[in-house]
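# Architecture and fold: a report
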Amino acid sequence: MQFKDHLIELFKFNDKTNKRLFRKIGQLDDPEECVKFASHLINCQYKWMARIVEGERANEMSWWEPLYSLDQLEEEWEKSLNPWLDFIDSRTDKDLETEREFLGFDGGDWAATPRDIALQLNFHSIHHRAQIQAIIRAQGIEPDFVDYIGTKARKLSIND
């Protein structure tokens, strides 16, 4: 398996689990904090893509704004995800290991590979998904099981 295929698989896992999470957020009495984290994940995908393909425009983008409505989350998530899937699919593993320069959080010049940025986006999604899951539980709703292994493991015996 090429590493780019692994990255696509990770993005698709996050896609599936985050969409489940967005629906669960809709059951909350107070979804505001969860919507903020979900919006942040969407904005991160937009901003990092802009950093590696557009450059300057990314500097004007926020990690936290805009704040999307609950009804917008799934659509905006798709719009922020699809460029990543297309970008990775159209590159070789070697392309994904070639550093891209960008203006960092401190105003300095930085460089990272698209491969590492894609990994960061996926790990960052897992981090905030855990926070959202804790908020859901704190509001009295049982969170869904969204662990990666739940999508990979298979039960061997039907008697268990």
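Residues numbered from 1 in each chain as written. Predicted model: local features only at pLDDT ≥ 70, side-chain atom pairs only at ≥ 80, totals over all residues. Heavy atoms only, no water.

### Considering the overall build of the protein chain
Along the backbone of the protein chain there are 5 helices and 2 strands. N-terminal to C-terminal, the α/β element order of the protein chain is α-α-α-α-β-β-α. Based on the C-alpha atoms only, the size of the protein chain along its principal axes is roughly 50 × 40 × 25 Å. A total of 160 residues make up the protein chain; the buried ones form 42% of that total. Sequence-distant contacts, at least 24 apart, represent 70% of the contacts inside the protein chain between residues at least 6 apart. Only carbon and sulfur atoms are counted for the fraction: they give 50% of the accessible area of the protein chain, which is about 9400 Å². If the 21 positive side-chain charges of the protein chain are averaged to one point and the 30 negative ones to another, these points end up 6 Å apart. (Helix = DSSP H or I, 4+ residues; strand = E, 2+ residues; numbered from the N terminus. Buried < 20%, exposed > 50% of the residue type's maximum accessible area, 1.4 Å probe, protein only. Contact = heavy atoms within 4.5 Å. Areas by Shrake-Rupley, 256 points an atom, 1.4 Å probe, with all protein chains shown as cover. Lys, Arg positive; Asp, Glu negative; His and termini not counted. Charge placed at Lys NZ, Arg CZ, Asp CG, Glu CD.)

### A few points about the nonpolar core
Ranked by internal contacts, the top residues of the largest apolar core, which has 37 residues, are Phe11, Trp84 and Ile88. Those elements that provide at least two residues to this core are helix H1 (3–25), helix H2 (32–53), helix H3 (73–89) and helix H5 (114–138). Looking at which element gives the most residues to this core, the answer is H2, with 10 residues. Leaving out residues up to four positions away in the same chain, Ile88 has contacts with Lys4, Leu7, Ile8, Phe11, Leu96 and Ala118. (Core = buried A, V, L, I, M, F, W, Y, C linked by side-chain atoms within 4.5 Å.)

### Digging into H3
Here H3 contains 17 residues, and its C-alpha end-to-end distance of 24 Å stays within 8% of the 24 Å for a straight helix at 1.5 Å per residue. Along H3, the residues that are buried comprise Leu73, Glu76, Trp77, Ser80, Leu81, Trp84, Leu85, Phe87 and Ile88. (Expected span 1.5 Å × (residues − 1).)

### Some words on H5
Taking 1.5 Å of rise per residue, 25 residues should cover 36 Å, and H5 covers 36 Å from first to last C-alpha, within 8% of that figure. Just downstream of H5, Gly140 is the residue with a positive phi angle, here 85 degrees.

### A short note on the confidence of the model for the protein chain
In the predicted model, the protein chain carries a mean pLDDT of 94, and the fraction of residues at 70 or more is 99%. The weakest mean pLDDT in the protein chain belongs to strand S1 (residues 100–103) at 91; the strongest belongs to H3 at 98. (pLDDT = per-residue confidence, 0-100.)

### Section: the state of the cysteines
Counting across every chain of the model gives 0 disulfides. Considering cysteine sulfurs only, Cys44 is the nearest to Cys34, which forms no disulfide, with 16 Å between them. (Disulfide = S-S within 2.5 Å.)

### Details of the pattern of salt bridges
Taken as a whole and assessed by the stated rule, the structure comprises 9 salt bridges. Across the pair Lys19 and Glu78 runs a salt bridge, and its minimum N-O distance is 2.1 Å. You can see Lys19 sitting in helix H1 and its partner Glu78 sitting in helix H3, a full 59 residues away along the chain. A relative accessible area of 12% means that Lys19 is categorised as buried. Among the ionic pairs, Glu76 bridges to Lys79, the shortest N-O distance being 3.2 Å. Residue Glu76 and its partner Lys79 are located together in helix H3, separated by 3 residues, close to a single helical turn. The class of Glu76 is buried, set by a relative accessible area of 11%. In this structure, a network of salt bridges that share partners links the residues Asp15, Lys19 and Glu78. (Salt bridge = Lys/Arg side-chain N within 4 Å of Asp/Glu carboxyl O.)

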